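Structure at a glance
Below are the chains, spelled out letter by letter.
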Amino acid sequence: MIEFRSITLSLCLILVLKFTATKQSSSSVIERAEGEVTLPCENMNNNCLRINWLFSKSAATPATNLVMLGQINQTQASRARGDRLSVSAKCSLIIQRVTAADVGTYFCQQLNNLGQKETTTTAILSILNITEQRDGEEVTLNCSVISNDPCKHSIKWLLNGQNIDKNNKNLKTEQSNCFAKVTFQMSHYAYKPGSYDLLKCEVAETGARGKQFIFRSQTPGRANGKSENNEAKQPSGVWWLYVIVAVGLAAFLLAVGLLIKRNTNKGKKTQMDENL
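Residues numbered from 1 in each chain as written. Predicted model: local features only at pLDDT ≥ 70, side-chain atom pairs only at ≥ 80, totals over all residues. Heavy atoms only, no water.

Describing the pattern of salt bridges
Applied cut-off: Each reported salt bridge corresponds to a side-chain nitrogen of Lys or Arg within 4 Å of a carboxyl oxygen of Asp or Glu. By the criteria applied, helices consist of DSSP H or I runs no shorter than four residues and strands consist of E runs no shorter than two, each listed in order from the N terminus. Throughout this description, buried means an accessible area under 20% of the type-specific maximum (1.4 Å probe, protein chains only), exposed means over 50%, and partly exposed covers the range between.
Under the defined criterion, the tally for this structure stands at six salt bridges. Residues Asp83 and Arg97 are paired through a salt bridge, measuring 3.7 Å at the closest nitrogen-oxygen approach. Of this pair, Asp83 sits in the loop between helix H2 (74-77) and strand E6 (85-87) while Arg97 sits in the loop between strand E7 (93-95) and strand E8 (104-111); the two residues are 14 residues apart in sequence, bridging distant segments of the chain. Its relative accessible area of 36% is what places Arg97 among the partly exposed residues. In this structure, the salt-bridge partner of Lys181 is Glu174, at a minimum N-O distance of 4.0 Å. Here Lys181 falls in the partly exposed class, since its relative accessible area comes to 24%.

Set out below in structure tokens:
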């Protein structure tokens, strides 16, 4: 009887250890396009040298290794992401200026001392886009989610944090899977060019708390992928060019004026000498 209990206890321990070794957790993350996102990793040992990050665009495509033993895999990562990837002190994966190309599933694998997979943290990343359209005095804000999986997000527009009444004549809303829009006139009090603080797009998954986003306009430079520093430097250079040209022209006119005055005074002096 004692031997049977011992065998049973050993089997239970083996099952517990096996379950622990294959422990997995999953989360869904949504971020605005061109924003920065941090994908968490359940690292039990707080040792990033035992961490791998893999990325899969879809279930039909093989996963690529973005991070190997805590270091960015430049061969795979730099092809589409360049220097936008980094690993935090807690081994989370940080992606800057996220785009539609970053949408997919990310796997954080923690290895044990033998190099065997111990735990896996899965993060499914989706991207949110908010755009503005104008037709005369009419403004339309569109909110949509880009995801590789079937849409699991509900989207709606809020005014002052409240649902917009369908019978509201001043604000017209339409929504479907992973898409919602609101249309209104520029005379409406919610109209604020560049940033509509009163209007927010709320995105939520089934049973999860919603996340709210506001529209932010992009300058032409940002839309073309130029950095804010480049935008600041270019006007500055043009301004200094104008200054240099203006100073040079002023100096030239001053020199011409002095020369004319000198010649005039010289002519007068000559004439006076002749009269004498």
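Some details on the packing of aromatic side chains
Quick note on the threshold: Paired rings are identified among Phe, Tyr and Trp, the last through its six-membered ring, by centres lying within 6.5 Å, and are further divided according to the angle between planes into stacked (under 30 degrees), edge-to-face (over 60) and tilted (the rest).
Summed over the entire model, instances satisfying the criterion amount to four aromatic pairs. Between Phe55 and Tyr106, the aromatic rings sit 4.6 Å apart at their centres with planes inclined by 45°, giving tilted as the arrangement. Here the residue Phe55 occupies a position in strand E3 (residues 51-56), and Tyr106 occupies one in strand E8, the gap between them amounting to 51 residues. In this structure Phe55 comes out as buried when scored by relative accessible area, which is 7%. Look at Tyr196 and Phe215: their rings are 5.7 Å apart centre to centre, the planes differ by 45°, and that puts the pair in the tilted class. Placement of the pair is Tyr196 in the loop between strand E14 (179-185) and strand E15 (199-205) and Phe215 in the loop between strand E16 (211-213) and helix H3 (220-223), with a sequence separation of 19 residues. Ring pairs connect the aromatic residues Phe184, Tyr191, Tyr196 and Phe215, which therefore count as one cluster.

So, the sheet that holds E6
Let me state the cut-off plainly: Two strands form a pair only when DSSP identifies at least two bridges running between them. Interaxial angle, 0 to 180 degrees, is taken between N-to-C directions of lines fitted to C-alpha atoms, where a helix line uses only the stretch in contact.
Taken in spatial order, the three strands make up an open sheet running E2-E7-E6, and their pairing is antiparallel. Taken across any chain shown, the strands that pair with only one partner, and hence form the sheet edges, are strand E2 (37-39) and E6. Mean inter-strand twist for the sheet, computed between neighbouring axes without regard to direction, equals 25°. As defined by bridge partners, E2 adjoins E7 across three bridges and the pair is classed as antiparallel. When the sheet's bridge partners are listed, Val37 is paired in E7 with Ile95.

What about the state of the cysteines?
Note the following rule: Here, the term disulfide refers to a pair of cysteine sulfur atoms separated by no more than 2.5 Å.
For the structure on display, the rule yields three disulfides. The disulfide partner of Cys48 is Cys91, and the S-S distance across this bridge is 2.0 Å. Note on the Cys48 and Cys91 pair: the S-S dihedral is about -105°, so by sign convention the disulfide is left-handed. Linking Cys48 in the loop between E2 and E3 with Cys91 in the loop between E6 and E7, this pair joins segments that are 43 residues apart in sequence. Each member of the pair Cys48 and Cys91 is classed as buried. Bridging Cys143 to Cys201, the disulfide has an S-S length of 2.0 Å. An S-S torsion of about -85° defines the bridge between Cys143 and Cys201 as left-handed. Pair noted here: Cys143 is in strand E10 (residues 138-146) and Cys201 is in strand E15, with a separation of 58 residues, a long-range link. Note on accessibility: Cys143 and Cys201 belong to one class, buried.

Regarding the side chain of His153
Operational definition: Residues count as neighbours in contact if any of their non-hydrogen atoms are within 4.5 Å of one another.
Mapping His153 onto the fold places it in strand E11 (residues 153-159). Accessibility expressed as a relative area gives 9% for His153, which makes it buried. Excluding residues that lie within four positions of it along the chain, His153 makes contacts with Ser28, Ile30, Ser126, Val145, Cys178, Val203, Ala204 and Glu205.

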